[in-house]
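These are the residues of each chain, in order.
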Amino acid sequence: MKKLVGFIVFTGGLISCVTAQQSSTLKGKYKPYFKIGTSVNSAQIEGGDTKGRLLITKQCNTITPENVLKWQLVQPEATKYDFKLPDQYVALGEKDSMFVVGHTLVWHSQLASYVESITDPNQMEKAMQEHIKTVMGRYKGRIKGWDVVNEALNEDGTLRESVFYKVMGPDYIKKAFRFAHETDPACELYYNDYNIELKEKRQGALKIIKDLKAEGIRIDGVGIQGHWNLQWPSIEEIEQSIIDYASAGVKVMITELDITVLPNPWDLKGADVNQNFEGSPFMNPYPNALPDSVDVLLAKRYEDIFKVFLKHQDKVDRVTFWGLQDGDSWLNGWPIKGRTNYPLLFDRNYRPKKAYQTLLNLSKK
Ligand code: XIL
């Protein structure tokens, strides 16, 4: 009898030990449900940010390059490629067996200027094919999923008149996905955009997915960027979009999650990187520290959002934060330059914020 009691106690000890270990990091905690990732910047890729590197390895099982694989940087000229940082990026992910994402092949922003001056449809198609074959082809079998087309939609769900649309017409999307599939048939292919959790724009994204599928063209997932704020969008909109996209037969990914805590100029919503506004003290209310009350609101907002991700964990494949710690965030410079924002789970000293603890302790029900 004594022995039996000892055994039970011992087993209990073992179980609690395993549970504690699984819950001591984000990737461990969410492993049964979905991948957890972050975007990585040049300092993290090159190794200058050693603290950042360690934290990424500890907390994440997937990474996305914040900038280094964008057209402007990886192929600044028709005959000039720069693979130095992209090569290091992919090696970084492989070293820790992470799911390595490619971002992004066809996008109107951060585009090389030689592409912007092309006016002939055949020439544009060739440039696109060449770009996809060369960049994606270099990492064939190593980058496991690519954002093939980024931000092709207007807010009303119609197609944005990007340079690709203007020169090649609406079929440029199908062509991009075809070229990508030909280049690496095993790679997952995604459509990625902001605000596609909102009803009108969501219809546009659903149409892209359905049109591709109708022609038998591979598309595996949709990336909802997730540049959100403390109130917007509603949990209902987020939930409905997860349901709608899953019903259209694709994996749902939250690909660029961050939650601004600063005032929004002109009630701006979204993530158009070309928008910029004048700064003022009113627009930058926390230059020195995040007030505790706002830290609490941020934690609550992350909790509400992750509750809905957990509820639909069968549909959600990955949640990637757009930056590791607050100091890294692009939201310190967009849409107003020189502000101090606090949108992520770790503070500028790489210390976990309240939101981190909340997500670590969240129960599934
Ligand atoms: C941002 C980067 O974070 C910045 O460093 C860069 O200056 C501009 O782009 N949607 C996207 C991302 O798909 O690539 C953007 O990243 C943010 C909005």
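Data block above holds the structure.
So, here is what we can say about the structure in this document. (Residues numbered from 1 in each chain as written. Predicted model: local features only at pLDDT ≥ 70, side-chain atom pairs only at ≥ 80, totals over all residues. Heavy atoms only, no water.)

**Side note on the nonpolar core**
Consideration 1: Core analysis: the biggest nonpolar cluster contains 107 residues, and F306 and F309 have the highest contact counts within it.
Consideration 2: By residue number, the principal contributor to this core is helix α13 (residues 292-311), which donates nine residues.
Consideration 3: Counting six residues, the second-largest nonpolar core is a separate cluster that includes Y194, A271, W322 and W330. (Core = buried A, V, L, I, M, F, W, Y, C linked by side-chain atoms within 4.5 Å. Buried < 20%, exposed > 50% of the residue type's maximum accessible area, 1.4 Å probe, protein only. Helix = DSSP H or I, 4+ residues; strand = E, 2+ residues; numbered from the N terminus.)

**Focus on the packing of aromatic side chains**
Consideration 1: This model, assessed by the stated rule, comprises 15 aromatic pairs.
Consideration 2: Aromatic side chains F346 and Y356 sit 5.0 Å apart centroid to centroid with 45 degrees between the ring planes, which places their arrangement in the tilted category. With a gap of ten residues between them, F346 in the loop between β9 (316-321) and α14 (354-361) and Y356 in helix α14 connect regions that are remote in the sequence.
Consideration 3: Put simply, the rings of Y30, Y33, F34, Y302, F306, F309 and F321 touch in pairs and so form one group of aromatic residues.
Consideration 4: Here the basic side chain of K35 rests over the ring of F99, its NZ or CZ set 4.5 Å away from the ring centre.
Consideration 5: The aromatic ring of Y342 is capped on one face by R348, whose charged end is 5.0 Å from the ring centroid. (Phe/Tyr/Trp six-rings, centres within 6.5 Å; stacked < 30°, edge-to-face > 60°. Lys NZ or Arg CZ within 6 Å of the ring centre and 35° of its normal.)

**Observations concerning empty space enclosed by the protein**
Consideration 1: For the structure on display, the rule yields four cavities of 30 Å³ or more.
Consideration 2: Within this model, the largest cavity holds a volume of roughly 130 Å³.
Consideration 3: Lining the largest cavity are 15 residues, with T260, N264, G270, L331 and W334 sitting closest to its centre.
Consideration 4: Every element with two or more residues in the lining of the largest cavity is listed here: β7 (227-229) and β8 (251-260). (1 Å grid on protein atoms, 1.4 Å probe; cavity = no way out; pocket = protein on both sides within 12 Å on 5 of 7 lines; lining within 4 Å. Points joined across faces, edges and corners; volume = space filled by probe spheres on them.)

**A short note on the pattern of salt bridges**
Consideration 1: Overall, the coordinates contain 23 salt bridges when judged by the stated rule.
Consideration 2: With a shortest N-O distance of 3.8 Å, K174 and D171 are connected by a salt bridge.
Consideration 3: On the accessibility criterion, D171 (40% relative accessible area) is partly exposed.
Consideration 4: Residues joined in a network through salt bridges with shared partners are D171, K174, R178 and E215. (Salt bridge = Lys/Arg side-chain N within 4 Å of Asp/Glu carboxyl O.)

**Structural notes on the side chain of N229**
Consideration 1: As for its position among the elements, N229 is in strand β7.
Consideration 2: A polar contact is formed between the side chain of N229 and the backbone nitrogen of W232, at a distance of 2.7 Å.
Consideration 3: Contact partners of N229, with chain neighbours within four places excluded, come to I259, T260, N264 and R301. (Polar contact = N/O pair within 3.5 Å; in protein donor to acceptor, adjacent residues only side chain to side chain. Contact = heavy atoms within 4.5 Å.)

**Description of the pairing of β9**
Consideration 1: Summarising burial for β9: six of the six residues are buried, a large majority.
Consideration 2: Across four bridges, the pairing between strand β1 (residues 35-40) and β9 is parallel. Counterpart to G37 in the pairing with β9 is T320.
Consideration 3: As paired strands, β8 and β9 are joined by four bridges and run parallel to one another. When the sheet's bridge partners are listed, L257 is paired in β9 with F321. (Pairing = 2+ DSSP bridges.)

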